Amino acid sequence: NVSIGAIPLGTGNDFVRCFSNREAFLDMGSQLRGRAIKVDTVKTVLDKGETVRFINMANIGFDCNVVISASKIKNGFISGPAAYALGALKEIFSKWGQDVKIRFDDGDTYKGRQLLCTIANGRYCGGGFMSSPYADVSDGYMDMAVIDKISRPKLISLLKKYRDGTYLEDP
């Protein structure tokens with residue numbers, strides 16, 4: 001029950017991509033005059049009992065590694081989506097696959113070795129990749145994608161679909 005504003009000064013500004021008038025986020029007057037809307041937050045408990053909240057998305061595996069690589073690549077000449085693209089290229093040729101264990105509120109557990117896992121409130125990550133095309137920041141639900149560890153050629157063939165949010169249509 002708190003009102004906040006979002007000033008998109010990050011590398012990818014993925015959270016504000018979920019809204020139709022993204023430019024209004026850059027105008028402080030628009031933010032102050034704007035109408036508050038309800039937005040979900042996500043609360044998760046990590047293995048060590050630490051509680052973490054997030055508003056857009058949590059990624060495990062390949063996506064997360066791309067963000068780490070992009071942050072190391074960023075400099076005065078390379079930033080934003082270009083840093084993410086170079087980070088993805090670097091990660092394609094790195095060792096990947098992540099052991100994932102997910103415990104749900106109902107007690108069910110999922111375990112496996114995956115390429116990536118995305119738990120999303122918003123649709124975008126990594127500077128515009130639509131990893132969760134059906135997510136809605138105010139519908140009361142999280143969207144989750146758990147993607148098996150696949151071959152490099154298969155990953156490369158799916159990257160454009162992952163960016164566009166159409167990968168879920170590919171069996």
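Preceding this section is the structure that the text describes.
Counting from 1, residues in each chain are numbered in the order their sequence is written. The predicted nature of this model means local features are confined to residues of pLDDT at least 70 and side-chain atom pairs, given and counted, to a pLDDT of 80 or more, with totals for whole chains, interfaces and linings taken over all residues. Computation of side-chain values covers all heavy atoms of the structure but excludes hydrogens and water.

**Student:** Explain helix 4 (residues 152-164) to me, using residue names and the numbers behind them.
**Tutor:** Per the convention used, a helix needs a DSSP run of H or I reaching at least four residues, while a strand needs a run of E reaching at least two, with both numbered from the N terminus. Between the first and last residue of a helix there are one fewer steps than residues, each counted as 1.5 Å, and that sum is the expected span. A rise of 1.5 Å per residue sets the reference length of helix 4, with its 13 residues, at 18 Å; its end C-alpha atoms lie 19 Å apart and thus fit the reference within 8%. Consider a residue and the seven residues that end there alongside the seven that start there; fitting an axis to each set, the bend is the angle between those axes. Along its length, helix 4 shows its largest kink, about 40°, at Leu 158. Throughout, exposure labels follow a simple rule: accessible area from a 1.4 Å probe, protein chains only, divided by the maximum for the residue type, with under 20% read as buried, over 50% as exposed, and the rest as partly exposed. Residues of helix 4 that are buried include every one of Leu 155, Leu 158, Leu 159 and Tyr 162, and no others. Pairs of residues are marked as contacts when any of their non-hydrogen atoms sit within 4.5 Å. Contacts made by the buried residues of helix 4 are with helix 2 (62-73), helix 3 (80-92), strand 5 (109-120) and strand 6 (143-148). Sitting at the amino-terminal end of helix 4 is Ser 151, which places a side-chain oxygen 3.2 Å from the backbone nitrogen of Lys 154. Backbone geometry just after helix 4 places Gly 165 at a positive phi near 80°. In the analysis that follows, any N or O atom pair within 3.5 Å is treated as a polar contact, provided that within protein one partner can donate a hydrogen and the other can accept it, and provided that, for residues neighboring in sequence, both atoms belong to side chains.

**Student:** Give a detailed account of the packing of helix 2 against helix 3, specifying residues and quantitative values.
**Tutor:** To define axes, lines are fitted to C-alpha atoms, for helices over the stretch in contact only, and angles between the resulting N-to-C directions are given on a 0 to 180 degree scale. With their axes 7 Å apart at the nearest point, helix 2 and helix 3 run at an angle of 120° to one another. One element, helix 2, and the other, helix 3, form an angle in the oblique class. Here helix 2 and helix 3 pass one another in a crossing that is right-handed. Of the residues in helix 3, those touching helix 2 at Phe 62, Asn 65, Val 66, Val 67, Ser 69, Ala 70 and Ile 73 are Ala 83, Tyr 84, Leu 86, Gly 87, Ala 88, Lys 90, Glu 91 and Ile 92. Partitioning the contact of helix 2 with helix 3 into residue classes produces 10 nonpolar, three polar and two charged. Between 65 and 115 degrees an angle is taken as roughly perpendicular, under 35 as roughly parallel, over 145 as roughly antiparallel, and anywhere else as oblique. Two helices that cross are described as forming a left-handed crossing if the nearer one is turned anticlockwise from the farther one by less than a right angle, and a right-handed crossing if clockwise. Charged residues are taken to be Asp, Glu, Lys and Arg, nonpolar residues to be Ala, Val, Leu, Ile, Met, Phe, Trp, Tyr, Cys and Pro, and polar residues to be all remaining types, Gly included.

**Student:** If you had to explain the nonpolar core to someone new, which residues and values would you point to?
**Tutor:** What makes a nonpolar core is a set of buried Ala, Val, Leu, Ile, Met, Phe, Trp, Tyr and Cys residues whose side-chain atoms join them at distances within 4.5 Å. Counting residues in hydrophobic clusters, the biggest one holds 20 residues, and the most contacted among them are Phe 62, Leu 115, Leu 116, Ile 147, Leu 155 and Tyr 162. Contributing elements (two or more residues each) for this core: helix 2, helix 3, strand 5, strand 6 and helix 4. With four residues, helix 3 is the single largest residue contributor to this core. The next biggest cluster of nonpolar side chains, apart from the first, holds eight residues, and it includes Val 16, Cys 18, Phe 19 and Tyr 124.

**Student:** Residues and numbers for empty space enclosed by the protein, please.
**Tutor:** A probe as big as a water molecule, rolled over the atoms, marks out the empty space that is left. Residues are called lining when one of their atoms sits within 4 Å of a cavity or pocket point, these points coming from a 1 Å grid over the protein atoms alone, where a cavity is a set in which a 1.4 Å probe fits but cannot get out and a pocket is an open set with protein on both sides within 12 Å along at least five of seven lines. Grid points are joined across faces, edges and corners, and a volume is the space filled by probe spheres set on the points. Across all of its chains, the model carries one cavity of 30 Å³ or more by this definition. For the largest cavity, the calculated volume is near 130 Å³. Forming the boundary of the largest cavity are Asn 59, Phe 62, Asp 63, Val 66, Val 67, Tyr 84, Ala 88, Cys 125, Gly 126, Phe 129, Leu 159 and Tyr 162. Ranked by residues supplied to the lining of the largest cavity, first place goes to helix 2 with four residues. The residue inventory of the lining of the largest cavity, partitioned by class, reads nine nonpolar, two polar and one charged.

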